[in-house]
Amino acid sequence: QVQLVESGGGLVQPGGSLKLSCAASGINFSAYLGAWYRQAPGNERELVASIGAGGTTTYPNSVKGRFTVSRDNAKNTVYLQMNSLKPEDTAVYYCNVVHLVFKGRSYWGQGTQVTVSS
């Protein structure tokens, strides 16, 4: 059974930092691309970071330079370090893993709330 367990969300003031973690079980984690998405009320879910098996990362312009995605294959975990947080970063953040070859093998975490407010 595949499980993705997220942690690290919470309330932070503008300009602050948070680090999200996503621990995977039930899969060969090193064969999966890892990604973080977010969804704010009334908005579509959007990609905020991805990391390939070899460590190649991608970010949209909205978070580039502020967010850093990383992975630890030994711990089956993908991380999202978020710095210089803004109120518009407020959303539910979801972890996603997709098999590098078999794209249908895609799994989601339960989501963790990030609220940026003074």
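Going by the structure above, here's the rest.
Residues numbered from 1 in each chain as written. Predicted model: local features only at pLDDT ≥ 70, side-chain atom pairs only at ≥ 80, totals over all residues. Heavy atoms only, no water.

Caption draft 1: The arrangement of the sheet that holds strand E1 (residues 3–7) in detail. With antiparallel pairing, 4 strands are arranged side by side in an open sheet as E1-E3-E8-E7. Single-partner strands in this sheet number two, and they are E1 and strand E7 (67–72). Averaged over all pairs of adjacent strands, the angle between strand axes in this sheet comes to 15°, irrespective of strand direction. Pairing between E7 and strand E8 (residues 77–82): 6 bridges, direction antiparallel. In the sheet register, Ser70 faces E8, and the bridge partner there is Tyr79. (Pairing = 2+ DSSP bridges. Helix = DSSP H or I, 4+ residues; strand = E, 2+ residues; numbered from the N terminus. Axes fitted to C-alpha atoms, helices over the stretch in contact; angles between N-to-C directions.)

Caption draft 2: How the structure looks around the pairing of strand E3 (residues 18–25). Across 5 bridges, E1 lies against E3 in antiparallel orientation. Residue Glu6 lies in a different strand from E3, and its bridge partner there is Cys22. Here E3 runs beside E8; their pairing, made up of 6 bridges, is antiparallel. Paired with Leu18 across the bridge in E8 is Met82.

Caption draft 3: Just a nonpolar patch on the surface, in detail. A contiguous nonpolar surface patch, about 280 Å² in accessible area, is contributed by Leu100, Val101 and Phe102. Among the secondary structure elements, Phe102 is positioned in the loop between strand E9 (91–99) and strand E10 (106–108). (Patch = residues over 30% accessible without salt bridge, like charges linked within 9 Å, V, L, I, M, F, W, Y side chains within 5 Å. Areas by Shrake-Rupley, 256 points an atom, 1.4 Å probe, with all protein chains shown as cover. Salt bridge = Lys/Arg side-chain N within 4 Å of Asp/Glu carboxyl O.)

Caption draft 4: How the structure looks around the nonpolar core. The biggest cluster of nonpolar side chains holds 28 residues, and the ones touching the most others in it are Trp36, Val78, Leu80, Met82 and Tyr93. Setting aside chain neighbours within four positions, we find Val78 in contact with Leu20, Ser21, Cys22, Phe29, Trp36, Ile51, Val69, Ser70, Arg71 and Cys95. (Core = buried A, V, L, I, M, F, W, Y, C linked by side-chain atoms within 4.5 Å. Buried < 20%, exposed > 50% of the residue type's maximum accessible area, 1.4 Å probe, protein only. Contact = heavy atoms within 4.5 Å.)

Caption draft 5: Representation of the pairing of strand E11 (residues 112–116) within the structure. Burial along E11 is one-sided: the face carrying Thr112, Val114 and Val116 is buried and the face carrying Gln113 and Thr115 is not. Sheet topology places strand E2 (residues 10–12) next to E11; 3 bridges connect them, and they run parallel. Among the inter-strand pairings, Leu11 is bridged to a residue of E11, identified as Thr115. With 3 bridges connecting them, E9 and E11 associate as antiparallel partners. Opposite Ala91, over in E11, you have Val114 as the bridge partner.

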